[in-house]
Amino acid sequence: MMKTITVFKGDGIGPEITDAVLTILQAAKAPLAYEIFQVGIPLYESCGELISEKAFASFEKNKVLLKSPITTPIGSGFRSINVLLRKKYDLYANVRPAKSNPAIVTPFADVDIVTFRENTEDLYVGVEEQIDADTVHATKIITRKASERIIRAAFAYARANHRKRVTCVHKANILKMSDGLFLSCFNKIAKEYPDIVSDDRIVDNMCMQLVQYPQAYDVLVMPNLYGDILSDLTSGLIGGLGLMPSANLGSEYAMFEAVHGSAPDIADKGIANPTAFLWSACMMLDHLNEQAVANNIRQAVDQVLFHKEWLTPDLGGQATTKQFTQAIIDMLR
C-alpha cells in the first residue's frame with residue numbers, strides 16, 4: 001500500500017542529497033509517494049518564512065517527514081528549524097545509531113551504540129536573559145515527564161532489539177537538582193527492566209570511556225545537550241557525520257534526518273555524500289514497516305562502500321554524488 005510522506009528540501013547540499021535519496025528509494029521500489037517542499041534560507045530570503053503553512057500542513061497530514069539539512073545561523077538570526085520542529089510536534093526522542101562498517105577503516109571496530117537524546121528541553125529551550133551588558137543567564141529545564149518518557153523509550157528499544165545494557169549519562173555530581181532528577185528517574189525505571197543491565201556515567205567520564213572502550217557500550221540515554229555532543233562523538237568513532245542517521249520520534253509524528261549540517265562550502269559541486277541521509281530514510285522505512293526495502297538499500301550501500309572508486313571525496317574517493325548514487329542502485333536486489 002502506497003504511503004505518502006512529506007519531504008523538506010533544505011539548503012546547502014540538502015537539495016542534492018534529497019534528489020539522490022529519492023532516486024534510490026524509487027529504484028528500490030519503496031511504496032512511497034512524496035509531497036516535497038523547499039524550506040530554509042532560500043524560502044526565508046524570498047518571502048520571510050522558513051517553512052510555509054502548506055509544508056506544515058503536509059507534515060501534520062502525513063505524520064512522517066524526511067528532512068534534509070538546513071543552515072542555522074550561528075550567534076544571530078533565526079533559531080534552528082530542527083528545534084522548532086521538535087518542539088512544535090513534540091518529537092521528544094532523538095535516536096542516533098552509530099554502527100561500525102567493515103568497509104570504513106577507523107581506530108575502533110565493532111562499535112554499535114544507539115544514543116537516545118531527550119529532544120524538547122534542557123538548555124535547548126533557548127531561555128536566555130541579558131542581566132547586564134556583561135552577563136547573560138541561560139535556563140536549563142529538566143522535567144520528570146520528559147525524563148521518564150525518553151528513559152522508557154531507551155529501555156523499550158533495548159528490550160525490543162535484544163540489547164543488553166542501557167547507560168544514563170548526566171552531570172548530577174554538580175547539577176544535583178536538574179540532572180539529579182533525570183538520574184533518579186532512570187534509577188526508578190531501570191528496576192522495571194531487570195533483564196537489562198543499567199548503569200550511569202558522568203558526562204565527562206563518558207567522553208573518555210567512549211574514546212577508550214566504545215565497544216563496552218550499547219544504548220545511551222541522556223538530556224538534550226549531552227546527547228547532541230555525545231552523538232557527534234559516536235559518529236566520529238564510525239567514520240564521521242556523513243555516516244550517521246537519526247530519527248526524531250513523538251507519540252504522533254516522526255521526522256528523519258541526517259545528523260550533519262548543510263555543508264555550504266561544497267554545495268552545488270556535485271560531491272556531497274548522501275549516505276547519512278539515505279540511512280535516515282532506511283530508519284523511516286523501518287518505522288513504516290518496510291524493513292525489506294530498508295535492508296535491501298542497506299546491503300547495497302555496504303557493498304558500494306568497499307569500492308573506493310565509487311565513493312565521494314569525504315569517504316576517500318573521487319566519485320560524484322550521481323556516480324555514488326548510481327553505484328548503489330546497481331547493487332540493489
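Everything numeric in this text was worked out from a predicted model, so none of it was measured.

Can you lay out the nonpolar core for me, pointing to particular residues and giving the numbers?
In terms of nonpolar packing, the biggest core is built from 89 residues, with Leu66, Val221 and Ile297 touching the most fellow members. When residues in this core are grouped by element, the largest group, 9 residues, is from helix α9 (residues 275-287). Judged by nonpolar contacts, the second largest core, of 16 residues, contains Phe37, Phe56, Leu65 and Ile70.

How would you sum up α9? Please name residues and give values.
For α9, built from 13 residues, the straight-helix expectation of 18 Å at 1.5 Å per residue is met to within 8% by its first-to-last C-alpha distance of 18 Å. For α9, the buried fraction is high: 11 of the 13 residues fall into the buried class. Those residues of α9 lying buried are Thr275, Ala276, Phe277, Leu278, Trp279, Ser280, Ala281, Cys282, Met283, Met284 and Leu285.

Requested: an account of the environment of valine 83, with residues and values cited.
Within the secondary structure, valine 83 is located in helix α4 (residues 81-88). According to the relative accessible area criterion, valine 83 is buried, its value standing at 10%. Along the primary structure valine 83 and glutamate 121 are separated by 38 residues, whereas in three dimensions their C-alpha atoms are 9.8 Å apart.

Give me the lowdown on the side chain of serine 52, citing residues and values where you can.
In this fold, serine 52 is placed in the loop between α2 (41-47) and α3 (53-62). Look at serine 52 and you get buried, because its relative accessible area is 16%. Setting aside its immediate chain neighbours within four residues, serine 52 contacts Phe37 and Leu43.

Just give me the short version of the pattern of salt bridges, but keep the residues and values in it.
It is possible for side chains bearing opposite charge to pair when their charged atoms get close. Across all of its chains, the model carries 19 salt bridges by this definition. One salt bridge in this structure joins lysine 9 and aspartate 19, with 2.8 Å as the shortest N-O distance. Linking lysine 9 in strand β1 (residues 3-9) with aspartate 19 in helix α1 (residues 14-27), this pair joins segments that are 10 residues apart in sequence. Here the residues in one salt-bridge network are Lys99, Asp112, Arg163 and Asp218, joined through shared partners.

Give me the state of the cysteines: which residues, what numbers.
Throughout this description, disulfide means a covalent bond between two cysteine sulfur atoms. A full pass over the atoms with the stated rule returns 0 disulfides. Cysteine 168 takes part in no disulfide bond, and the closest cysteine sulfur to it belongs to cysteine 185, at a distance of 9.3 Å.

Let's hear about the pairing of strand β5 (residues 112-118): which residues, and what values?
Burial analysis of β5 places 6 of its 7 residues in the buried class, which makes it a mostly covered element. Pairing analysis gives 7 bridges linking strand β4 (residues 93-99) to β5, with the strands arranged antiparallel. Within β5, the position partnered with asparagine 94 by the bridge is arginine 117. As paired strands, β5 and strand β10 (residues 219-222) are joined by 4 bridges and run parallel to one another. Within the sheet, the bridge partner assigned to threonine 115 lies in β10 and is leucine 220.

Thresholds applied
- Residues numbered from 1 in each chain as written.
- Predicted model: local features only at pLDDT ≥ 70, side-chain atom pairs only at ≥ 80, totals over all residues.
- Heavy atoms only, no water.
- Core = buried A, V, L, I, M, F, W, Y, C linked by side-chain atoms within 4.5 Å.
- Buried < 20%, exposed > 50% of the residue type's maximum accessible area, 1.4 Å probe, protein only.
- Helix = DSSP H or I, 4+ residues; strand = E, 2+ residues; numbered from the N terminus.
- Expected span 1.5 Å × (residues − 1).
- Contact = heavy atoms within 4.5 Å.
- Salt bridge = Lys/Arg side-chain N within 4 Å of Asp/Glu carboxyl O.
- Disulfide = S-S within 2.5 Å.
- Pairing = 2+ DSSP bridges.

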